[in-house]
Amino acid sequence: AEAKPSGGLLGRIMGRSQGEGAVARRVLDDEMLEQLEELLIASDMGVDTALRVTSNIAEGRFGKRLSSLEIKQALASEIARVMEPVARPLPLYPKKPQVVLVVGVNGSGKTTTIGKLASQFKAAGKQVVIAAGDTFRAAAVEQLQVWGERANVPVLTAPEGSDPASLAFDAMTKAQADGADLLMIDTAGRLQNRQDLMEELAKIVRVIRKKDPDAPHNTLLVLDATTGQNALSQVETFRKLADVSGLVMTKLDGTAKGGVLVALADKFGLPIHAIGVGEQIEDLAPFDPEEFAAALTG
Ligand code: GDP
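- An unreviewed UniProt entry annotates the chain as Signal recognition particle receptor FtsY of Mameliella alba.
- The record in UniProt for the chain states the following under Sequence similarities (unreviewed entry): "Belongs to the GTP-binding SRP family. FtsY subfamily."

**Thoughts on the nonpolar core**
Argument step 1. One finds Ile-79, Met-83, Leu-183, Phe-238, Met-249, Leu-261 and Leu-264 to be the most contacted residues of the largest nonpolar core, which totals 73 residues.
Argument step 2. Broken down by element, this core gets its largest block of residues, eight residues, from helix H4 (residues 68-83).
Argument step 3. Ignoring sequence-local partners within four residues, the contact set of Leu-261 consists of Met-83, Met-249, Leu-252, Ile-272, Phe-287 and Phe-292.
Argument step 4. Within the second largest apolar cluster, 24 residues are counted, among which are Ala-132, Leu-144, Val-155 and Leu-182.

**Considerations on the site of the ligand**
Argument step 1. Neighbouring the ligand are 17 residues; Gly-107, Thr-111, Thr-112, Asp-253 and Glu-279 lie closest to it.
Argument step 2. The separation between an oxygen atom of the ligand and a polar main-chain atom of Lys-251 is 3.0 Å.
Argument step 3. Relative to its unbound accessible surface of 580 Å², the ligand loses 78% to contact with the protein.
Argument step 4. In this structure the site holding the ligand corresponds to the second largest pocket.
Argument step 5. Broken down by element, the shell around the ligand gets its largest block of residues, four residues, from helix H5 (residues 110-123).
Argument step 6. Partitioned by chemical class, the residues of the shell around the ligand number two nonpolar, nine polar and six charged.

**Let's talk about the packing of H4 against helix H11 (residues 289-297)**
Argument step 1. H11 packs onto H4 with a crossing angle of 135° between their chain directions and a minimal axis gap of 8 Å. It follows from the interaxial angle that H4 and H11 lie oblique. Both H4 and H11 take part in a crossing whose hand is right-handed. For the pair H4 and H11, contact is made by Lys-72, Leu-75, Ala-76, Ile-79, Ala-80 and Met-83 and by Pro-289, Glu-290, Phe-292, Ala-293, Ala-294, Leu-296 and Thr-297, respectively.
Argument step 2. Looking at side-chain class alone, the contact of H4 with H11 contains ten nonpolar, one polar and two charged residues.

**Side note on a negative patch on the surface**
Argument step 1. On the surface, Asp-30, Glu-31, Glu-34 and Glu-38 cluster together into a negatively charged patch.
Argument step 2. Among the structural elements, Asp-30 can be located in helix H2 (residues 30-42).

Thresholds, definitions, all that
- Residues numbered from 1 in each chain as written.
- Predicted model: local features only at pLDDT ≥ 70, side-chain atom pairs only at ≥ 80, totals over all residues.
- Heavy atoms only, no water.
- UniProt positions renumbered as here; feature names shortened; annotations may be inferred.
- Core = buried A, V, L, I, M, F, W, Y, C linked by side-chain atoms within 4.5 Å.
- Buried < 20%, exposed > 50% of the residue type's maximum accessible area, 1.4 Å probe, protein only.
- Helix = DSSP H or I, 4+ residues; strand = E, 2+ residues; numbered from the N terminus.
- Contact = heavy atoms within 4.5 Å.
- Near = heavy atom within 4 Å.
- Polar contact = N/O pair within 3.5 Å; in protein donor to acceptor, adjacent residues only side chain to side chain.
- Areas by Shrake-Rupley, 256 points an atom, 1.4 Å probe, with all protein chains shown as cover.
- 1 Å grid on protein atoms, 1.4 Å probe; cavity = no way out; pocket = protein on both sides within 12 Å on 5 of 7 lines; lining within 4 Å.
- Sits in = over half its atoms within 2 Å of the grid points.
- Nonpolar A, V, L, I, M, F, W, Y, C, P; charged D, E, K, R; others polar.
- Axes fitted to C-alpha atoms, helices over the stretch in contact; angles between N-to-C directions.
- Parallel < 35°, antiparallel > 145°, perpendicular 65-115°, else oblique.
- Left-handed = near helix turned anticlockwise from the far one by under 90°.
- Patch = residues over 30% accessible without salt bridge, like charges linked within 9 Å, V, L, I, M, F, W, Y side chains within 5 Å.
- Salt bridge = Lys/Arg side-chain N within 4 Å of Asp/Glu carboxyl O.
- Lys, Arg positive; Asp, Glu negative; His and termini not counted.
- Charge placed at Lys NZ, Arg CZ, Asp CG, Glu CD.

Here is the structure:
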């Protein structure tokens, strides 16, 4: 196998043409469109989305001789266009407490994301409570306590193996009594036993609704960018388990460019509330469609 040329998607296409870098020019013909399609599909964008993006690019440009820069700009602006409607920060309600249920497979970055969000809301003057609802994973509870200390936010825990719904109920009681603005509830991510997990999540929702019929106000699904196309099936699965209202994609600081987010936006239209860009507490950024598209097109 040949080594991947650097410079992202575009470098890989223009690398097959005459010239170097920004001076390279190619006629936008069927062959090039096919290459574009292939590259977009290879970047986890999904077949349907890749076809749509390339056909939009072809419009008004087919048969023209284009520079790298022109192709890059066209590609980036088409991708940004798909992403703009889903770039929305977590909406804040006047409701006290606003209850945010956080779901996702183990290792996706739930705990870390909760810590980062807690820190941001705390910095914005909000009073935050965290419930360590993954009561079966002692390590997750400990990790959440560490994040709670860093963000200076109380973390409610329960003995290992105890009922997460009962912890969620206690957390609701505390958050209401304290007049907290925000309650974030971590949950288990054991997809091996879906029926179990579905019942567990349903029970959490049922008990917190005893305290507030509108809760949870948000159900955040945390996805790991490095899992590529798997993110699609995770969204499908978690939408069956919970009423997912928005996404956070983590680990976009690595080599993963998160091309699958384009497919997700196209297919589900769920808002992307934030992206994880590192392991530190400040490494949570708003999702910026233009920046994202520029990084993806290289
Ligand atoms: P959980 O099992 O879903 O709660 O996942 P964790 O929050 O424990 O995260 C799993 C691993 O991913 C940890 O090593 C985190 O430091 C790491 N992680 C989480 N978010 C990010 C991110 O945005 N960037 C990077 N590089 N690592 C992350």
